[in-house]
Amino acid sequence: STFSLVAIAIERYSAICNPLQSRVWQTRSHACRVIASTWLFSALLMLPYAVYSTTRAMPTRGARPPVSQCTHDWPSEHVRQAWYVLLLLILFFIPGVVMIVAYGLISRELYRGIRFELDIKGEAAAQRNGGGEPVPACDEGDGCYLQLSRPGGALELRALGAAGAQQDRARINSSEAKLVAKRRVIRMLVVIVAMFFLCWLPIFTANTWRAFAPRAAQRALSGTPISFIHLLSYTSACANPLIYCFMNRRFRKAFLATCAGCRRACP
């Protein structure tokens, strides 16, 4: 999950901040390689759990059959502490910094685009209100269009003026749509980063605390607190698709197209 979020952040940065270069290498085969790499690196990173996990009998009174618990049998205390610090760096701190930097640069680029669109909109409004190029001082019906030598010229100029007005309106509507889309993307990026830290900071903090002060952490976190912290970390995997679905129209369309394809393949 974390590696996928980092890969999405890096590729979004390339697509938005370096669009011409990113078109060369952001292909479907590249996406497949990135997905395969995230799964491979995740499996390799979790190998120590498979190596050092074991079952151990719990000291309980009169329990039949005896109760066993799955636990980690690390070679030493220093190895256990180093492992949880490594996870804190690789799965939380470094990904968090990468996402903040990438989405910060993306937001800055989009904000510049918003300012550019607002400047264009302001110039267009100024021209419509008489602040731009000077226009002939003639009102409707004053005969300006009738000074043409060709018959029918008035109709042609009126049609040309109407077409220009329609183009202006289309340009304004397009500018408004771009502004709304850029603001929506910035909001989505902020929500994704906030959800990442909200969901993962407690569990990594708790694991590191338990590695260096197991007795104090056990007294403070046992029961409901540690259960809620684990539930919060699992929520991240559920929340990200919902964030993309509700805040990204293209994701919704692609998701519905995928479901429709699956339904046709499996009637």
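A short tour of the structure in this document, coming up. (Residues numbered from 1 in each chain as written. Predicted model: local features only at pLDDT ≥ 70, side-chain atom pairs only at ≥ 80, totals over all residues. Heavy atoms only, no water.)

1. A word on the pattern of salt bridges
The following threshold applies: What counts as a salt bridge is simple: a side-chain nitrogen of Lys or Arg found within 4 Å of a carboxyl oxygen of Asp or Glu. Helix and strand definitions here come from DSSP, where helices need a minimum of 4 consecutive H or I residues and strands a minimum of 2 consecutive E residues; each element is numbered from the N-terminal end. Relative accessible area decides the class of each residue, using a 1.4 Å probe on protein chains only: under 20% of the type maximum gives buried, over 50% gives exposed, and in between gives partly exposed.
One pass over the structure, following the stated rule, counts two salt bridges. Note that Glu 77 and Arg 80 form a salt bridge whose closest N and O atoms lie 2.4 Å from each other. Within this pair, Glu 77 and its partner Arg 80 are both found in helix α5 (residues 77-128), separated by three residues, close to a single helical turn. Taking relative accessible area as the criterion, Arg 80 reaches 17% and is therefore assigned buried.

2. Brief notes about the packing of aromatic side chains
Which entries qualify depends on this criterion: Aromatic rings from Phe, Tyr and Trp, with only the six-membered ring used for Trp, were paired whenever their centres fell within 6.5 Å, and each pair was classed as stacked if the ring planes differed by under 30 degrees, edge-to-face if by over 60, and tilted otherwise.
Counting across every chain of the model gives 10 aromatic pairs. Here Phe 92 and Phe 196 contribute two aromatic rings whose centre-to-centre distance is 5.8 Å and whose plane-to-plane angle is 10°, an arrangement assigned as stacked. A residue pair is termed long-range when its members are at least 10 positions apart, and Phe 92 in helix α5 and Phe 196 in helix α6 (residues 153-212) qualify at 104 residues. Of the residues examined, Phe 92 reaches a relative accessible area of 7% and is grouped as buried. Look at Phe 196 and you get buried, because its relative accessible area is 1%.

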